[in-house]
Amino acid sequence: MRADLAPVALTALYLFAGAGLVAAAYGVPRDVRTAFSAAGLAYLAGLASVLLVSSWALVLGLPFRARTLVVVAGGIGAAGLMIAAWRQREDPARRPPGPRGGQRPAGPRLRGRPPESYAVTLTGLALAAYLVVGLLASRVLPLAAWDSWSIWARKADLVFVHGTLPVDVLASPQYAFAHPDYPMLVPLMETAWFRAVGNTTTQALHAQFWLLLVAFLLAGAFLARRVSPAAMWLPLLALVGVVPGVRDQLLTMYADVPMAMFLAIGALLGGLWLVGGRRSDLALAALFLAAAANSKNEGLSAAVATLAALLVVVLTRPAARKARAIAVAITSGAVLTSVLPWHIWLSSHNIVGDTPLRKGLEPGYLVDRAWRVWPTVRALAEQIGDGATWLYLVPLGLGVALAGLATRRIREPSAYYLLSGVFVFTSLVWAYVITPDDLHWRLQTSANRVVVALVFLAVAALLQLAGSMLRGDAGGAHRADGGS
Amino acid sequence: MVVWFQIAGVVLAGLLLAGILRVRGPGITRGLQAIPPAASVLALALFWVNVWPAAKSYIDLWRASRHTPASAASISPGVVNGLNEGFLEWARAHLRAGETFALAPEQSTGTLLYQWATYRLAPHQLAVPAAADAIVFYGAGAKDLRRARPGFSAPLLYAPGFGIAWRRHAR
């Protein structure tokens, strides 16, 4: 009974926290349909914020118990709703952004409906049915992938038992194989599940990861519909749901796909801010990029790369350059601050990772290892070009972004996504260059996983640029909250 | 590299679509405008080609696993790889709260047994033999089991080669 109700209770907690944040950012939804469409973003925002705050509390020595979850989620949700109510009083017309213009596309119609609406409805129904089937299967899967238990579930299990960070284990050289320096957001997501069900069985935990995919697709739809007709974004999101590389990796319960999802939503919100100037978009972008940075070490470099791309693009446009650069700097500061507690804790316990980051900045060390660059570039490019695994998402994103670069009105967001991709790619190559491990072994065991960040960046680019290219703007037309 | 050919393919598909739909505008703009719809059409086709095989694979997984108890699913890596799950469960039950353990014979950190045993016996922590409260014998030879370990009791056996010896002060 508890195992059946646990997912509902946990989902409700995350949703409440996220609903507060989304309402604070965009206003309180006025109808059920809008509230439902915002549910995916709310779930992801709630999960990210609750686990981020909990991880900081854990570093401070506070225990992570069911009570902690309820208090943190309740506090975030209530604070968000209070801010939303206050902002609503200031601006009564404020409400969440709706579908772009509410226009119906011109063209031939069948009995009053445009023909593509039938394809959209049918695809939406097929996707929903598929997601339900996936959810049912994910509830009964056996534990399988090595790192899922050796790294992630191990930490989750120990926090569940001890209630606090297992210092003795993480600082012990005998557990160095479990990468004690990896951040705690994903293990805490698992511990939250264990707390909810009352034990450490991992079978139904897979459903928690599947729910992330469902929420990502809903969140993508909520954001994309501001700039794009459903006929453009739905096929792209539906494709993400069935991509073998995404769904297979997601259910291994590794942290790569959750990190990439946070990164993509953060990048998309950054892109929407770039064009629309809505500060709420940038604030939520900071939250999601912080979640990516706290999910994996590669997430930190990817978040920094995305923010660097945003800053470069902002600096190249004279209009409001200073104000926008300051906004990006504040966002970057928030993201970097979010990882500080964990890194201070690691440093105070002399826990170091296996990647020599400081050495990685020394020119001599880099020159000695320059031979690693080309094999790494080739291996990563091979991975993103693997059509059977990724169903061409990266070429699609690159094709649209390159076309956008040649289209004056969406040049800025296109440049932002292309630069983000280049910076993330470069950060991955750098990581392979400086790692002390055997390069071929490292590439063989991880290249297929690390490229998932690039795949999801391509998805973010597609969601913003595809419809904008047709319609003539990339998100600027909708400023329902007056740029709040 | 393949990925560049794929990008060229996406652009060509856009140009082709622009021709088929007779999109108006200057040449290059016309072609560029059609790339996003081409990307969406391609995505739609790929979704429909893949959705049933993906759903079918989940249906098959569900059928194969739906009767597996949660406790068995959680120890699957050990069972699939032929580790002695019965013994690990027994050892976990016999180690007392807070006791640390060492594995004998010693294992390299990269091996499945090392990592799985430390996962299954958590929250008991692995320690070097000199500091451990107990020695967990996993597949030890008779000689290794018989060998006197100063300060440790004779092993309590689960099965030949499998047992636990405690440091004398620990019990």
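No experiment lies behind these values; they were computed from the predicted model shown.

J.: Before we go on, may I ask you to explain the overall build of chain A in this structure?
T.: Within chain A one finds 22 helices and zero strands. The C-alpha atoms of chain A give 22 Å as radius of gyration, which agrees with the globular expectation for 484 residues (23 Å, within 12%). The C-alpha extent of chain A, read off along each of the three principal axes, is 70 × 55 × 45 Å. Looking at the 484 residues of chain A, the share that counts as buried comes to 55%. Counting contacts in chain A only where the partners sit at least 6 residues apart, residues at least 24 apart contribute 83% of the total.

J.: Sorry if this is basic, but what is going on with the domain arrangement of chain B here?
T.: When its domains are assigned, chain B resolves into domain 1 (2-65) and domain 2 (73-170). Between the C-alpha centres of domain 1 of chain B and domain 2 of chain B there is a distance of 54 Å.

J.: It is not clear to me how helix 3 (residues 39-59) of chain A should be interpreted in this structure. Could you clarify?
T.: An α-helical turn contains 3.6 residues, so any two residues separated by three or four positions project in the same direction. For helix 3 of chain A, with 21 residues, the first-to-last C-alpha span of 30 Å sits near the 30 Å given by 1.5 Å per residue. For helix 3 of chain A, the buried fraction is high: 17 of the 21 residues fall into the buried class.

J.: Just to check I follow, could you spell out the sheet that holds strand 4 (residues 162-166) of chain B for this structure?
T.: Note on sheets: strands pair through backbone hydrogen bonds, and any given pair is parallel or antiparallel. All names here are of chain B. In space, the four strands of this open sheet follow the order 1-2-4-3, with mixed pairing throughout. Looking at the sheet topology across the chains shown, the edges are occupied by strand 1 (101-104) and strand 3 (156-159). The average angle at which neighbouring strand axes cross in this sheet is 20°, direction not considered. Pairing of strand 3 with strand 4, which is carried by three bridges, proceeds in the antiparallel orientation. Looking at strand 4, one finds that Leu-157 is bridged to Gly-163.

J.: Explanation requested: the interface of chain A and chain B in the structure shown.
T.: You'll often see interface size given as the accessible area lost when the parts meet. Listed per partner, the contact involves 55 residues of chain A and 44 residues of chain B. Listed by contribution, the elements that provide at least two residues to the side of chain A that touches chain B are helix 5 (115-138), helix 6 (146-162), helix 7 (167-170), helix 10 (230-242), helix 17 (373-384), helix 19 (393-405) and helix 22 (452-471) of chain A. Ranked by residue count, the leading element in the side of chain A that touches chain B is helix 5 of chain A, at eight residues. Classifying every residue of the side of chain A that touches chain B by side-chain character gives 39 nonpolar, 12 polar and four charged.

Conventions adopted
- Residues numbered from 1 in each chain as written.
- Chains lettered and ligands numbered in written order.
- Predicted model: local features only at pLDDT ≥ 70, side-chain atom pairs only at ≥ 80, totals over all residues.
- Helix = DSSP H or I, 4+ residues; strand = E, 2+ residues; numbered from the N terminus.
- Rg over C-alpha atoms; globule rule 2.2 N^0.38 Å.
- Buried ≥ 20, exposed ≤ 12 C-beta atoms within 10 Å, placed from the backbone.
- Contact = placed C-beta atoms within 7 Å.
- Domains from an automatic or database assignment.
- Expected span 1.5 Å × (residues − 1).
- Pairing = 2+ DSSP bridges.
- Axes fitted to C-alpha atoms, helices over the stretch in contact; angles between N-to-C directions.
- Nonpolar A, V, L, I, M, F, W, Y, C, P; charged D, E, K, R; others polar.

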